[in-house]
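Structural overview
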Amino acid sequence: MIGIGLLVIRIVIGLSFVGHGAQKLFGWFGGHGLKGTGGWFDSIGMKPGITMALFAGLSELIGGALFALGLLTPFAGILIALTMLVAIVKVHGANGYWATQNGYEYNLAILAVAIGVALTGAGPYSLDSFLF
């Protein structure tokens, strides 16, 4: 049952991050694409905004895909965790803990899941298990 639990966690978190990356990179799923996201990144001091949006989008897209597949899971977990760490430091940290106040509660929970799975392993229903 642990393997199925890890699979569920990996698929939900991983595909959510694929979606967030696609929002930033391509403007899919209601996102603003590189130009719009880059402009927002510029406005919060992350310059050059388009380059930073590209890095964030690629980290989310690639990290999410790898996480969902259970492939290179420690690396995928690090990509997701770093993305959440930047979100905490640059956007949500100053607002306190609670998500209801635009705080970092949600970001910290995702960071913990990413690190936890990276340290635990992807489980038996993963490409890591099959390949390594």
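Quick caveat, the model's predicted, so the values are computed rather than measured.

Let's talk about the side chain of N107
- Tracing the backbone shows N107 in helix 5 (residues 105–120).
- Residue classification places N107 among the buried residues on the basis of a relative accessible area of 6%.
- Residues contacting N107, with those up to four places away along its chain left out, are M84, A87, I88 and H92.

Concerning unusual backbone geometry
- A cis geometry characterises the amide bond from K47 onward to P48, with omega recorded as -5 degrees.
- Its location among the elements puts P48 in the loop between helix 2 (33–43) and helix 3 (49–69).
- Backbone geometry places L72, a non-glycine residue, at a positive phi of 55 degrees.
- One can find L72 in the loop between helix 3 and helix 4 (73–92).

Observations concerning the environment of T37
- One can find T37 in helix 2.
- Assessed through its relative accessible area of 9%, T37 is described here as buried.
- Once residues lying within four places of it in the same chain are set aside, the contact partners of T37 are K24, H32 and A53.
- Engagement of the side chain of T37 in a polar contact is seen with the backbone oxygen of G33, the distance being 2.8 Å.

Some words on a nonpolar patch on the surface
- Taken together, L54, F55, L58, I62, L69, L72, F75, L127, F130, L131 and F132 make up a surface patch of nonpolar side chains, about 1,100 Å² in accessible area.
- Only helix 3 and helix 6 (127–131) provide two or more residues apiece to the nonpolar patch.
- Of the residues forming the nonpolar patch, the biggest block, 5 residues, is contributed by helix 3.
- Within the secondary structure layout, L58 lies in helix 3.
- With a relative accessible area of 33%, L58 lands in the partly exposed category.

Quick word on the packing of aromatic side chains
- All chains considered together, the criterion is met by 5 aromatic pairs.
- Between W40 and F41, the ring centres sit 5.5 Å apart and the planes meet at 55 degrees, which makes this aromatic pair tilted.
- On the numbers, 4.8 Å between centres and 80 degrees between planes, the contact of Y97 with W98 is edge-to-face.
- The exposure class of Y97 is partly exposed, given its relative accessible area of 34%.

Reading the values: rules and limits
Residues numbered from 1 in each chain as written. Predicted model: local features only at pLDDT ≥ 70, side-chain atom pairs only at ≥ 80, totals over all residues. Heavy atoms only, no water. Helix = DSSP H or I, 4+ residues; strand = E, 2+ residues; numbered from the N terminus. Buried < 20%, exposed > 50% of the residue type's maximum accessible area, 1.4 Å probe, protein only. Contact = heavy atoms within 4.5 Å. Polar contact = N/O pair within 3.5 Å; in protein donor to acceptor, adjacent residues only side chain to side chain. Patch = residues over 30% accessible without salt bridge, like charges linked within 9 Å, V, L, I, M, F, W, Y side chains within 5 Å. Areas by Shrake-Rupley, 256 points an atom, 1.4 Å probe, with all protein chains shown as cover. Salt bridge = Lys/Arg side-chain N within 4 Å of Asp/Glu carboxyl O. Phe/Tyr/Trp six-rings, centres within 6.5 Å; stacked < 30°, edge-to-face > 60°.

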